[in-house]
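Listed here are the chains, written in short residue letters.
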Amino acid sequence: MTRWLLNVARPVLAPLSISILMRTVALVCGVALLVVAAGGIATALDGGAIAPVLWTLVAIALVKAFARYLEQYAGHYVAFKALALLRVMMFARLEPQAPAAVEGRRTGDLLSRATRDVDRVEVFFAHTIGPALTAVLVPAGVGAWLALAVSPAAAGVAAAGWLLMLCVASLGARASVAASAGLRERRGALAQHVTDTIQGVSEVVAFSAEERRLAGLDAIGREAAALQATRARWASTRRGLTQTLVVATPMLALAAALPLGWETAVVAAAAVLGATPAVVAVEEFAAELDQAYAAAGRLREVMDAAPATPEPLVPAAAPRGELDVALTDVVFSYPAVDAGDGRDAPARPALDGVTMTIPAGTTTALVGVSGAGKSTIGALIARFHDPGEGSVTLGGVDARDLADADLRRLVSVVPQRPYLFAGSIRDNLLLARPEATDGELLAACADAALTDTLARMPQGLDTPVGEHGTQLSGGERQRVAIARALLRDAPVLVLDEITSQLDAATEAGLGEAMRTVRRGRAVAVIAHRLTSIVDADQIVVVDAGRIVERGTHRELLAADGAYARLWARQAAAEDAAGARR
Amino acid sequence: MLTYRPLVLGVLATVLAALLYLQAGRAIDDGDAGALALAAIGIAALVGASSWYSTRAASRDQVALEGSDRTRLVRHVIALGPVHRTRAQAGRLVSTSTDAVERSAQYRATFLGSVIGSLLAPLAVVAIIAAAIDLRIALLLLAAVPVVPLAIGGFRKIFRKVSTSYRASARRLAAEYLDSLQGLPTLRGLGAGRARGAALAVHAERVRADVMRLLAGNQLVLFVTDAVFSLAMIVLATGLAMAGAAAGTLTAGEAVAVVLLSTLMTEPVDRIGQFFYIGMGGIASGKEIARTLATPMPRAAADAPEPTDDDGSIVLEDVTFTYGRDASTPVLAGFSLEVRRGERVVLAGRSGAGKSTVLGLIQGHLAAQSGAVRVGGHEVRDVSPAWLHRRLGIVAQQTYLFTGSLAENLRLAAPEASEADLWEALRRARLEAEVRAWPRGLDTPVGERGMSLSGGQAQRVGIARALLADAPILLLDEPTSQTDLDAEAEILAAIAELCEDRTVLAVGHTEAVLSSSTRIVTVGGAA
């Protein structure tokens, strides 16, 4: 793990040598400060001048502080550079794993890896490498000087004390690492339990299960506490033994050198006292290092994960012009999740034998209850996943044979909750086509029924959208996303319809925008409100991962089957949404 | 809130070390190395034992504080009841109940006490110098002692500004990154991932340069404190010791002891840096917890009385209810409804007419501005929620499944239910055959980390729960509006069975209930 981290950060490691050098200087100054002060007593007793000693002390203190400053600055410089590098690398490795990796259940975990775990690695770069090296270098140097120039006996005592401190620092390392890993897992379980209680609070209240939920939480808390206690047992043992050695070593060195005269003995003791912090640092960072290594391990896991959709070895030529989209006998299951007991939870196929075609230039609406599999069909058309069995073809070419860059040019996606980045409307539109002119941007906005909205904004295209686009309404966000998709000008469009209720005017505008968008494209609309897709060329009813019906609105209503039942349900569902608002 | 052991033991360790340094001075004067070695071993062992005990005690306190804070928060959240929250709000609540609780406990248990201890330690050292060596030196050093906390206070003011903008920059860096990660699916859908990655790298670099500039200022503060305290303490002490030795008022041993003792007085300096990193985080977490606990609770207290009689009815009398403060457009205005024991009533009405509001009022999740809401003949807000919920069973639009096994999810409704009871409930909920086919049966993990059940399966788990809870009144809140079409018939059959021998109030077109219901009540004008 150390090697991996150093490898990652290699391009920015050079200033670390300055940090280590300055740390050495600061520590040596710490030794010198005490040695000069102790030596000064003998000078004063002999009637020597006091002032030069004090000025020397002032000089040493200033050099020490300055060296410490440079040490910290250079160390943090490397650490922040390395973290930035890690973040950029992580983003690059995650991009081909998206959206599978950042959607659904794993989002929280992944985001915490990408942010908190990256931060934890800081300890390694800023507070580990330097202290580890100087913990050996400084005591070795001071020890050698003591042995050769001051008192071999004191040097022997100091060497023994320092070696013991290093041994103590590694006491219970394995048990602590195991406990840390377990603790993190239990903390995850605690967070999950709290999440459940918050999201399922209706059930908790309805079944008067408050005390039982709290007891369950407490049980997990106690397991975490037991692991914490294991860690604390070792940490306090190490701390106790280290403190014993820290206090005893300098005074034992003094006692050992006393037969050589008190002047010599005092210098020896001061040197040992001054050098000891260099060794103690190991015990201090060792505890943090556990966490940093564990964090690095989790980062590595994510960065080494295979992309959800591998690039073909020999990409096929991308089809041109308008094209058909076809799914043939598609079976697809989402990857299994760990059930928390080391076993994978059984997965239910999200799609089971789906065959359908969206002819070029037509619109197909996918309808069904939530969880039926309609969004999954959209995700497969956009090749966010590959089917387990069967195939998805674009213009007759298997999506798996297309280079990712080509595929992205062919398929454009408007998600249900379009993500807008903090920045202006213009910034968000330019993401789709960085070289677009203002004229093109405005044309796309016109097609997306955004012109009136923009006219109402004093800053127009430069209006900031706020964090996650929260300055805009849901309908406005959706239309910005549509304008963005129009700028892409891809022959295939996957449009996940917005679910929340919009006012009538917005809905009418949005309907108009949708009709513009559909022209000349193969469009899959994932429909949540049936009223908005009655004019689709084809309506496909998905239920429990299978296609149960297909036809036009009129045909399906006449058939009085699944679609007709959904149509009947719709009124009730919208009713409820209205009441809850 | 502060735990005192790290404080007391921290001062004790300093006092012990000071005594050892005095002994060192004595050894220098009388040349008795043996006595010093013995004292060193003895006192070091005591210091070690004290810091062993202190670390251990702090860790235990931390665990205890963490547990009690967590329980208090979650209890509060449950008491707030089913309040609508955005995903972000729910996420923040989870992080307050886990991360913030952990950090605040760490701050209070392990950090605060030892910081105060290290600020008090110099006073103990001064007292020892006064008693054992020289009063005048002690007084001069004492004059320098307040410099430490004063300087910390002063620097805190300067530092707060630097630190605030430093943290703001660091947060901006993190937010930018988070923004890109969360938007990754969108970026990929637009084929803009790589370009955004490059832009992000440039931007991150700019913010990093910012952070470094601020860090330069931040570290400057540490530079000054470090230099000042090394000077103030060690140089002052050495100067006084040398002068004393030259004048003959101090023996060599006493003079050396003063220099050694001064090293104990620089201890607070080492804590300053930590204070801003661990300390500020801990204080902020504590405030976050307090804010959450301060959210007022709308629900009745849990210690309200349990009625002994129950007439099995639901009555709403002249009820007016408004969401928020806008009293001009009440959802319900003068609404009345009576459902007698054994009756079946379906609430009809257009979208937004207040059907779900009626169910919320009956369950006590909402409080009417005026009028009476009675269950079993008792005003809902005056009875214990536990009693109320034993009377009411509910099958809602969606059934929430908790992380854990299917059996645990069913026992939420009836903790004492035997395995046979569970199978019987599953049979009547029309889910038995499917569960028998699962390799782990009742032990199958469900919920977020478990098997993904279809909407229809989850709904039948909800019905099985209602069967196990066996409440006399059943509320149906559009139980089939979100379920798979092919499971609809089975769910309706299961609901029909659930309705037998119960008082039923239903919302939505639940045919099974409609066919045998006695009455349809329209909410808010024509349906």
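Enquirer: A description of helix 15 (residues 455-469) of chain B should follow, citing residues and the corresponding values.
Expert: All names here are of chain B. Across its 15 residues, helix 15 extends 21 Å between first and last C-alpha, which sits within 8% of the 21 Å expected from 1.5 Å per residue. The buried count for helix 15 comes to 13 of 15 residues, which makes it a mostly enclosed element. Looking one or two residues beyond helix 15, the residue adopting positive phi is aspartate 470, at roughly 55°.

Enquirer: Could you give an account of the packing of helix 13 (residues 419-428) of chain B against helix 15 of chain B, with specific residues and numbers?
Expert: All names here are of chain B. Contact geometry for helix 13 and helix 15: axes closest at 8 Å, N-to-C directions at 125°. By the angle between their directions, the pair helix 13 and helix 15 is classed as oblique. As for how helix 13 packs across helix 15, the hand of that crossing is right-handed. Residue-level inspection shows Asp421, Leu422, Ala425, Leu426 and Arg428 of helix 13 in contact with helix 15, the latter providing Ala464, Leu467 and Leu468. Within the contact of helix 13 with helix 15, the residues separate by chemical class into 6 nonpolar, no polar and 2 charged.

Enquirer: How would you explain the interface of chain B and chain A if you had to name every residue and give the values?
Expert: Each partner contributes to the interface: chain B provides 141 residues, whereas chain A provides 139 residues. For the pair chain B and chain A, the summed buried surface comes to about 12500 Å²; carbon and sulfur atoms form 67% of the total. Counting across the chain B and chain A interface gives 8 salt bridges. In this structure, arginine 187 of chain A engages glutamate 66 of chain B in a salt bridge whose closest nitrogen and oxygen atoms are separated by 2.7 Å. Our count for the chain B to chain A interface comes out at 16 residue pairs in polar contact (both at pLDDT 80 or more).

Enquirer: Any details on the pattern of salt bridges? Residues and values, ideally.
Expert: The full count for this structure, using the stated rule, is 40 salt bridges over all chains. Residue arginine 187 of chain A pairs with glutamate 102 of chain B through a salt bridge whose shortest N-O separation is 3.4 Å. A residue pair is termed interchain when its members come from two chains, as with arginine 187 of chain A in helix 8 (residues 173-199) and glutamate 102 of chain B in helix 3 (residues 87-132). Classification of glutamate 102 of chain B as partly exposed rests on a relative accessible area of 24%.

Enquirer: Could you give an account of the environment of threonine 263 of chain B, naming the residues involved and the relevant values?
Expert: Here threonine 263 of chain B is to be found in helix 8 (residues 252-265). Here threonine 263 of chain B falls in the buried class, since its relative accessible area comes to 18%. In this view, threonine 263 of chain B contacts Leu34 and Leu273 of chain A together with Tyr21 of chain B; residues no more than four positions away in its chain are not counted. Looking at threonine 263 of chain B, its side chain comes within polar contact range of the main-chain oxygen of leucine 260 of chain B, at 2.5 Å.

Calculation criteria
- Residues numbered from 1 in each chain as written.
- Chains lettered and ligands numbered in written order.
- Predicted model: local features only at pLDDT ≥ 70, side-chain atom pairs only at ≥ 80, totals over all residues.
- Heavy atoms only, no water.
- Helix = DSSP H or I, 4+ residues; strand = E, 2+ residues; numbered from the N terminus.
- Expected span 1.5 Å × (residues − 1).
- Buried < 20%, exposed > 50% of the residue type's maximum accessible area, 1.4 Å probe, protein only.
- Axes fitted to C-alpha atoms, helices over the stretch in contact; angles between N-to-C directions.
- Parallel < 35°, antiparallel > 145°, perpendicular 65-115°, else oblique.
- Left-handed = near helix turned anticlockwise from the far one by under 90°.
- Contact = heavy atoms within 4.5 Å.
- Nonpolar A, V, L, I, M, F, W, Y, C, P; charged D, E, K, R; others polar.
- Buried area = accessible area lost by both parts, 1.4 Å probe.
- Salt bridge = Lys/Arg side-chain N within 4 Å of Asp/Glu carboxyl O.
- Polar contact = N/O pair within 3.5 Å; in protein donor to acceptor, adjacent residues only side chain to side chain.

Shape descriptors only; they carry no functional weight alone.
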